[in-house]
Amino acid sequence: MKQRKNTSGRHALSLTVALLGSSLMVGCFDGDSSSGPAQAEVDTNLFPADGKLEATIRRTTGGVPHVTADNLKSAAFGHGYAQAQDNVCLLAEAVVKARSERAKYFGPGPGDINIINDFSFKAQKILSGAEAEFPSLSQESKALIEGFAAGYNKYVVETPPADLPAECRNQPWVKIITPVDLFAHYRIVGQYASGALFATGAVFLAVPQGESPLPQAVMAATDMDTDMFKHIASNALKNAGKTDNFQDMGLASNAWGIGSDMSESGKGALLANPHFPYTGHRRLYQVQMTVPGYLNTMGAGLLGTAIPLINFNENLGWSHTVTTSRRFTLYELTLKSGDNFAYIKDGEEKPITSETFQIEVFNGSPTPTVLEKTFYYSEYGLMVSANALTADPDTGQDGLPKWGASGTAYTYRDANSGTTRLLDSWLQMSRAKNLEEFQDVFRNCGTTFWTNSTYADDQGNAFYIDSSSVPNLSDAALAVIDFKRQASPAYNELFNAGLTLLDGDTSRDDWVEGECNGLVPYEDKPKLLRTDWVQNSNDSYWSTNPDQLLTGYSPMFGPEESPLGPRTRLGITMLQNPLSSGPISPTAPAPAGQDGKFGALDLINVIYNNRAWYADQFLAELRNRCTTIGSTPVNLPGGGSRTVDQACGVLQVWDGLYNVDSVGAHVYRVFIANYRDSFDTDLTANFDPENPVATPSTPSATNAGTADDPMLQALAVGLNALDQVNIAYNATLGSVQYYQPSGGALPGLPGGSLSGGAPTDLGASFPWHGGDGSIDGAFNAIGVVQDNFWEDTRFPRVSPAVLDNTAGLSVNAGEGWRMARGTSWHFGLEFTDNGPEAYGLISYSQSSDSSSAYFNDQSEMYSMKDYRPILFNEEEILANLVSQGEVTIRQ
């Protein structure tokens, strides 16, 4: 596949845009800086003394903005402007979503999802909650939010609508926003692992027996409007039933904190390797924000966040991984006899209240349809259709009872329903100078919502903490949970699916409010401080370092003594064996180079070594069985037989890695994608908590090397898939695995009347290294995405149809694996006597605008493993400015 760097950029090296001395009235849109302290009490670290915002933006290699300002609000102003330059359509659509206006602008959506989402977010108080909470935010948070909104607004005001990217060109929904709008977006981000899971149907369907969940048309443009939405309920039920694991956000990451014992410098070092979507609101955006004497932080955050989230400063750095913790609890309410709108708790009657909301729906005419629907609340929060959450959408089998069917109803409490601490936590982390100050963020009830934090510093500390928001349940409540899990397989199945079902008829199961408003306080969170290393690759806190297994914590944080995922097993193996290149490829670089110590370059190359756990574990055995079977046909499980000797020949010389020039990686992939279904029955060494990295293991010797060998049968099935789509066994991985951006269409139905055309491939495609984290067991985890839309958005994209048990192999001949998630913002960092030294990239590049010079420049670099220095100090920045890459903006 031909590689080409996009050089036609609208912002291509040109940031002059007549900004110096601009007299645009952007101050009208900056959120009213008077919400800061009174004039006589202005904290000039946070707000400009004269109320006028000014920031300098310097762009370096990759389009990275380094924003410098005299105060925090002005720094956020510059950050908001830079993000809008690179991702204005995504930011605008995020606000449409947070305001429950998708149906208003984009129509009902596929399966009426826009209607369902809009109503659900209104019921969850995304926007109205932001309006209520905003006055209580800290001055720091207000400075950040108001400044970022002002910067975004400046760009929108001065950019002609016809000059916007194709995805939002000339659209009425690209308009100035308020700080409350931006804060509402943060409330959705905070609830990605909780309330957002219920916004696809479970909240929408929560009505008592005898009441229809359908909204009513209170203003209809046509007589047909009342019939347009009759399928909403069935669509909501289908959507709600799609989730079978409420702890799986579809996100992953690796993070290592290296202490003084294991670093080259004798100080700390950090590996940061988030595996996030390449599209949508969860893209990570790199920025440096500097307020001299107050803040100097480099990192990347989710789009729209006014401060980066995975960062380092002069003294310390951290990364995040999605945690195994639980961010909400379900409650089963015992209804008052004969009354579906009252429940009994501790012998007292409690009301179920209601609130009615309206949304607008675009129907193709100048007059939108206005729909109205009522939602219900307990003291804990919104009522929810637990039946919709637990029913089987394929078989129609019911799950938990419907509201009132057995005298019960269901509701939930969300640990992240309030987001007042979101920016405060990361600002304080970014300003911390040492471990004590970093830990103080969480001692003071700071939270990272749904992630762990892995940390290293210039004093040689390596620190881990599950810093997420976790319900603080009493010992009595936890004991009842444990009893129910032992006594009831059905209850345990719910718990293992991420649904913590509590009794709503007793205050025993209420959260213990304590100092952190119902969340587990710092002293009870899993954490570990060491001078060798800590790590997390999305397994629980238990295995942070096997030399000091963490036990005795609330099960709400995740399991103990449970099997580890392949990335965790491989990561720990590399940390425990820093001089070993692994059992398969002796020519591959050792994780820590020749000295057994980790530096910044070693850590970025740990990601790029492209080892995979399942290749390390099973390839040698498969090769042996290949030799034994030779050209004898292998019996296929579904009938028939075939030979595997040609593919076996390729596997005999495969380097065991997932590099773009590796020959045989894709053959092994289709093998392991099938063989992993046999782990429970074929592996003879069961999981042993005393040996968690090495177990489970050891394929059974029964039928080994024969026509009925489960390993060879899995290979045979996989080869049939490759044959079906004409993929050669001896192809290089880079010729069948690639990154190809797509889009270019307005939000709506792909190719439909509301979309402005079908999505198309945008720019060059790039051979892509890495492997699937779950199926290949690759540390450098990437993957295929089948969704027809950019994540979290209504922007259509080109999406592949795939074959089963292939890790996403396209059904189209020769198309291979189209990667769209995984390694994103990633770096290796080491603290040295000269300050922080780091190397890395954003794999999908900074901008989602296909005409920008920063749309795919870093993608080409990632493809070639051409990581760049992460520039931090003044000399580095000045030496790497792009042409015309410095501008001062004012309001």
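Our subject is the structure listed above.
To start, this report covers the structure provided alongside it. Fair warning: this is a prediction, and the values are worked out from it, not measured in the lab. (Residues numbered from 1 in each chain as written. Predicted model: local features only at pLDDT ≥ 70, side-chain atom pairs only at ≥ 80, totals over all residues. Heavy atoms only, no water.)

1. Notes on the overall build of the protein chain
Cut-off, in case you're wondering: Every helix listed is a DSSP run of H or I at least four residues long, and every strand listed is a run of E at least two residues long, numbered separately from the N terminus. Partly exposed residues are those whose accessible area sits between 20% and 50% of the maximum for their type, while under 20% is buried and over 50% is exposed, using a 1.4 Å probe and protein chains only. Between two residues, a contact is recorded if the distance between any of their heavy atoms is within 4.5 Å. Note that accessible areas follow from Shrake-Rupley with a 1.4 Å probe, and for residues the cover is restricted to the protein chains shown. Positive: Lys, Arg. Negative: Asp, Glu. His and the chain ends are not part of the count. We put the charge of a Lys on NZ, of an Arg on CZ, of an Asp on CG and of a Glu on CD.
Helix and strand counts for the protein chain come out as 24 helices and 34 strands. By the burial criterion, 63% of the 891 residues in the protein chain qualify as buried. Restricting the contact set of the protein chain to residue pairs at least 6 apart, pairs at least 24 apart contribute 73%. Of the accessible surface of the protein chain, which amounts to about 30,300 Å², a share of 47% is contributed by carbon and sulfur atoms. Averaged over its 59 positive side-chain charges, the protein chain has a centre that lies 4 Å from the centre of its 99 negative ones.

2. Some words on the packing of helix α11 (residues 422-431) against helix α12 (residues 435-443)
Heads up, the rule is: Comment: axis = line fitted to C-alpha atoms, over the contacting stretch for helices; angle = value between 0 and 180 degrees taken between N-to-C directions. An angle below 35 degrees is treated as roughly parallel, one above 145 as roughly antiparallel, one from 65 to 115 as roughly perpendicular, and anything else as oblique. The crossing is said to be left-handed when, going from far helix to near helix, the turn is anticlockwise and less than a right angle, and right-handed when the turn is clockwise. In this count, Pro and Cys sit with the nonpolar residues alongside Ala, Val, Leu, Ile, Met, Phe, Trp and Tyr, while Asp, Glu, Lys and Arg are called charged and the others, Gly among them, polar.
Where α11 contacts α12, the axes come no closer than 8 Å and their chain directions differ by 165°. One finds that α11 runs roughly antiparallel with respect to α12. Considering the relative orientation of α11 and α12, their crossing is right-handed. From α11, Ser425, Gln428, Met429 and Arg431 reach across to α12, where they touch Glu437, Phe438, Val441 and Phe442. Grouping the constituent residues of the contact of α11 with α12 by class yields four nonpolar, two polar and two charged.

3. Some remarks on helix α1 (residues 72-98)
The condition that has to hold: What a helix is expected to span follows from its residue count: subtract one and scale by 1.5 Å. Fitting axes to the seven residues that end at a residue and to the seven that start at it, the angle between those axes gives the bend at that residue.
Taking 1.5 Å per residue as the helical rise, α1 with its 27 residues ought to reach 39 Å, whereas the 25 Å between its terminal C-alpha atoms falls clearly short. Of all the bends in α1, the largest measures some 105° and sits at asparagine 87. Where burial is concerned, most of α1 is hidden: 27 out of the 27 residues are buried. Serine 100 sits one or two residues past α1 and shows a positive phi near 55°.

4. Brief notes about the pairing of strand β30 (residues 817-823)
Put simply, side chains in a regular strand alternate between the two faces of the sheet. Rules: Note: two strands are recorded as paired if DSSP finds a minimum of 2 bridges between them.
Burial analysis of β30 places six of its seven residues in the buried class, which makes it a mostly covered element. Across three bridges, strand β5 (residues 269-277) lies against β30 in antiparallel orientation. Across the sheet, residue proline 277 finds its bridge partner in β30, namely arginine 821. Two strands pair when backbone bridges link them, and strand β25 (residues 737-739) and β30 are joined in this way by three bridges, in the parallel orientation. Directly across from glutamine 737, in β30, lies its bridge partner tryptophan 817. Bridge count for strand β29 (residues 782-784) against β30 is three bridges, and the pairing is antiparallel.

5. What to know about the nonpolar core
Side chains of a nonpolar character, in soluble globular proteins, are inclined to be buried together. Rules: For our purposes a nonpolar core is just a set of buried Ala, Val, Leu, Ile, Met, Phe, Trp, Tyr and Cys residues, chained together by side-chain atoms within 4.5 Å.
In this structure, Phe198, Trp256, Trp450 and Tyr668 are the most contacted members of the largest nonpolar core, which totals 262 residues. Considering every element that reaches this core, the biggest residue donor is α1, with 15 residues.

6. Notes on the pattern of salt bridges
Two side chains bearing opposite charge may form a pair once their charged atoms approach each other closely. Filter applied, for reference: Salt bridge, as applied in this entry: a Lys or Arg side-chain nitrogen positioned within 4 Å of an Asp or Glu carboxyl oxygen.
Counted according to the given criterion, the structure contains 31 salt bridges. Between arginine 58 and glutamate 874 there is a salt bridge, with the nearest N and O atoms lying 2.6 Å from each other. One end of the pair, arginine 58, is in strand β1 (residues 54-60); the other, glutamate 874, is in helix α24 (residues 874-879), and 816 residues separate them in sequence. Judged by relative accessible area, which is 8%, arginine 58 ranks as buried. Glutamate 101 serves as the salt-bridge partner of lysine 104, at 4.0 Å between the closest nitrogen and oxygen. By sharing partners, the salt bridges in this structure join Arg99, Glu101, Lys104 and Asp181 into a single network.

7. So, the sheet that holds strand β14 (residues 369-377)
One open sheet holds the three strands; their spatial order is β3-β14-β13, and the pairing between them is antiparallel. Of all strands in the sheet, those with a lone pairing partner are β3 (216-219) and β13 (353-361), marking the two edges. Put simply, the sheet's adjacent strands are angled 35° from each other on average, direction ignored. Running at roughly 140° to β13, helix α3 (residues 113-123) makes contact with β13 and β14 of the sheet.

8. Concerning the packing of aromatic side chains
For clarity, the cut-off: Each aromatic pair joins two rings of Phe, Tyr and Trp (for Trp, the six-membered one) with centres within 6.5 Å, and gets the label stacked for planes under 30 degrees apart, edge-to-face for over 60, and tilted for any other angle. We count a charge as sitting over a ring when the NZ of a lysine or the CZ of an arginine lies within 6 Å of the ring centre and within 35 degrees of the ring normal.
Counted by the stated rule, this structure contains 45 aromatic pairs. With a centroid separation of 6.4 Å and 70° between ring planes, the pair formed by tryptophan 542 and phenylalanine 687 is classed as edge-to-face. Of this pair, tryptophan 542 sits in the loop between β20 (533-536) and α15 (566-576) while phenylalanine 687 sits in the loop between β23 (683-685) and β24 (697-699), and the two are 145 residues apart along the sequence. Judged by relative accessible area, tryptophan 542 falls into the buried class, the value being 1%. Measuring from centroid to centroid gives 5.9 Å for tyrosine 608 and tyrosine 867, while their planes differ by 40°, and the two rings are tilted. Of the two residues, tyrosine 608 sits in helix α16 (residues 600-608) while tyrosine 867 sits in the loop between α23 (857-863) and β33 (868-869), which places them 259 residues apart along the sequence. Residue classification places tyrosine 867 among the partly exposed positions, given a relative accessible area of 22%. One aromatic cluster is present, built from ring pairs that chain together Tyr278, Tyr608, Tyr739, Trp768, Tyr839, Tyr844, Tyr862 and Tyr867. Of note, lysine 125 hangs over the ring of tyrosine 377, and the distance from its end group to the ring centre comes to 5.0 Å. When the ring centre of tyrosine 522 is taken as origin, the NZ or CZ atom of lysine 527, which lies over that ring, is 4.7 Å away.

9. As for the pairing of strand β7 (residues 295-302)
Here β7 lies mainly inside the structure; seven of its eight residues are buried. Judged from the eight bridges that link them, strand β6 (residues 284-291) and β7 form a sheet pairing that is antiparallel. Looking at the pairing, threonine 290 lines up with asparagine 296 of β7. Following β6, the chain reverses through three residues before pairing antiparallel with β7; glycine 293 in that reversal takes a positive phi of roughly 80°.

10. What to know about the environment of glycine 504
For glycine 504, the location among the structural elements is in the loop between β18 (501-503) and β19 (527-530). For the pair glycine 504 and lysine 865, spaced 361 residues apart in sequence, the C-alpha to C-alpha distance is 54 Å. Setting aside residues up to four positions removed in sequence, glycine 504 forms contacts with Tyr331, Glu332, Leu333, Tyr343, Ile344, Lys345 and Tyr380.

11. Side note on the state of the cysteines
Operational definition: Only a pair of cysteine sulfur atoms within 2.5 Å counts as a disulfide in this structure description.
The tally for this structure, following the rule as stated, stands at three disulfides. Here cysteine 626 pairs with cysteine 648 through a disulfide, and the sulfurs are 2.0 Å apart. When the S-S torsion is -65°, as for the bridge of cysteine 626 with cysteine 648, the disulfide is left-handed. Of the two residues, cysteine 626 is situated in helix α17 (residues 613-629) and cysteine 648 in helix α18 (residues 645-653); the sequence distance between them amounts to 22 residues. Pair check on accessibility: cysteine 626 and cysteine 648 agree, each one buried.

12. Side note on the side chain of asparagine 114
Here asparagine 114 shows up in helix α3. Not counting residues within four places of it along the chain, the set of residues in contact with asparagine 114 comprises Arg102, Ala103, Phe106, Gly107, Pro108, Gly109 and Arg794.

13. Thoughts on the side chain of arginine 794
Its location among the elements puts arginine 794 in the loop between β29 and β30. Notably, arginine 794 is buried but unbridged: the nearest opposite-charge side chain belongs to aspartate 787, and the N-O separation is 5.8 Å.

14. Thoughts on unusual backbone geometry
Following threonine 695, the chain continues into proline 696 via a peptide bond in cis, with omega recorded as 0°. Mapped onto the elements of the fold, proline 696 is located in the loop between β23 and β24. Its identity as a non-glycine residue notwithstanding, asparagine 538 has a phi of 80°, on the positive side. A positive phi angle, near 70°, is found at aspartate 792, a position not held by glycine. In this fold, aspartate 792 is placed in the loop between β29 and β30.

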